[in-house]
Amino acid sequence: LFPYTTLFRSLANTYYQTKDYAAAIKNYRILIEASSNMDIEAKMLEKAYFGLAWAYLKSGDIDAAVENFETIKNTTASKIVKISALTQIGDAYQDIEQYQKAINFYDKILKEYPDSPYTDYVQYRQGIALLKADSIEAATLSFQSLQANFPTSKYLHDVKYYLAVAYFKKEDWITAKAYIQEFIEGLPQSNKFLAEAHYILALSNFNLKEYKESIQIFQTILKNFNKEKALVKNSELYIAKCTYEM
């Protein structure tokens, strides 16, 4: 029993990691279907359903993905697993840019399970979904609520980036600049938001007519993020604009 279930779980996980989602789905389904004849522990079965759901999502079948998350939510005896399933339904919808559906699921979790270990994550993800849906004021409030209610949350630093984006969209260049500077301080070069953060800072300076500072940051982008072709092109353009304005 143990080698059999371990084999198909390992195969499914490997296929998922290598983005062979059809093969991952096949192996997760074999493991799940075998559970009716084998004494597979609940935790392993739940992980198989989670893996199957995300494999379906990555392959573009949102309905099958949500159906499997719903299966976990409706069958688990664990409150934590139930909340995790609901959260991942929200994440699934956000992943395919159905932001309002994602927001609705996050809102449901926050109302029904306000004290769960996932609450700060859900608040964080709801803020991002609101921001992507251009509900700027609601997104700002969501991020500020996270800061106020979860002072030790691991998401607080990234919140500064999203607040900078929110204030930038509101054309509040001073506040956007303040948040993005806080975000950039101490970040490793490998951070996925770093190039975009520098770009927001440079544009904020440009809109504040601080052209010399803006040029310096655009030059930093050209030097440190030269593989980001779109940012490089725009940075070169704005260096010209800054020079013209001066």
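Structural notes, computed from the coordinates.

Cut-off values and rules
Residues numbered from 1 in each chain as written. Predicted model: local features only at pLDDT ≥ 70, side-chain atom pairs only at ≥ 80, totals over all residues. Heavy atoms only, no water. Salt bridge = Lys/Arg side-chain N within 4 Å of Asp/Glu carboxyl O. Helix = DSSP H or I, 4+ residues; strand = E, 2+ residues; numbered from the N terminus. Buried < 20%, exposed > 50% of the residue type's maximum accessible area, 1.4 Å probe, protein only. Contact = heavy atoms within 4.5 Å. Expected span 1.5 Å × (residues − 1). Arc of directions from axis to C-beta. Polar contact = N/O pair within 3.5 Å; in protein donor to acceptor, adjacent residues only side chain to side chain. Phe/Tyr/Trp six-rings, centres within 6.5 Å; stacked < 30°, edge-to-face > 60°.

This paragraph deals with the pattern of salt bridges. Under the defined criterion, the tally for this structure stands at ten salt bridges. Among the salt bridges present, the one from K58 reaches D95, with a minimum N-O distance of 3.7 Å. Remark: D95 occurs in helix 5 (residues 79-95) and K58 occurs in helix 3 (residues 42-58); sequence separation between them is 37 residues.

We now examine the environment of L130. Here L130 is to be found in helix 7 (residues 119-132). Residue L130 is classed as buried on the basis of its relative accessible area of 10%. In this structure, the C-alpha to C-alpha distance between L130 and K101, residues 29 residues apart in sequence, is 11 Å. For L130, the residues in contact, after removing those within four places along its chain, are I103, S135, A138, A139 and S142.

For helix 6 (residues 99-112), built from 14 residues, the straight-helix expectation of 20 Å at 1.5 Å per residue is met to within 8% by its first-to-last C-alpha distance of 20 Å. If you check which residues of helix 6 are buried, you get Y99, A102, I103, F105, Y106, I109 and L110. Angular distribution of buried residues about the axis of helix 6 spans 165°; they occupy a single face of the element. Buried residues along helix 6 sit in contact with helix 4 (62-75), helix 5 and helix 7.

Moving on, we get to the side chain of T76. Mapped onto the elements, T76 comes out in the loop between helix 4 and helix 5. Looking at T76, its side chain comes within polar contact range of the side chain of E46, at 2.9 Å. Reaching out from T76, the side chain makes a polar contact with the backbone nitrogen of S78 at a distance of 3.0 Å. With residues up to four places along the chain from it excluded, the contact list for T76 reads E46, V81 and K82.

A full pass over the atoms with the stated rule returns 19 aromatic pairs. Plain terms: the ring middles of Y161 and F193 are 4.5 Å apart, the flat faces sit at 15° to each other, and that makes the pair stacked. You can see Y161 sitting in helix 9 (residues 156-169) and its partner F193 sitting in the loop between helix 10 (173-184) and helix 11 (194-207), a full 32 residues away along the chain. Measuring from centroid to centroid gives 5.6 Å for F218 and Y238, while their planes differ by 15°, and the two rings are stacked. With a gap of 20 residues between them, F218 in helix 12 (residues 211-224) and Y238 in helix 13 (residues 229-245) connect regions that are remote in the sequence. Summarising the burial analysis for this pair, F218 and Y238 share the class buried. Among the aromatic side chains, those forming a connected cluster through ring pairs are Y121, Y124, F143, Y155, Y161, Y162, F183 and F193.

The end-to-end C-alpha distance of helix 11, which contains 14 residues, comes to 20 Å, matching closely the 20 Å that a straight helix rising 1.5 Å per residue would cover. The buried fraction of helix 11 amounts to twelve of the 14 residues, a majority that puts the element mostly inside the structure. Turning to helix 11, its buried residues are L194, A195, A197, H198, Y199, I200, L201, A202, L203, S204, N205 and F206. If you follow the buried residues of helix 11, they end up packed against helix 9, helix 10, helix 12 and helix 13. Where helix 11 terminates, the next one or two residues include K209, which has phi positive at roughly 65°.

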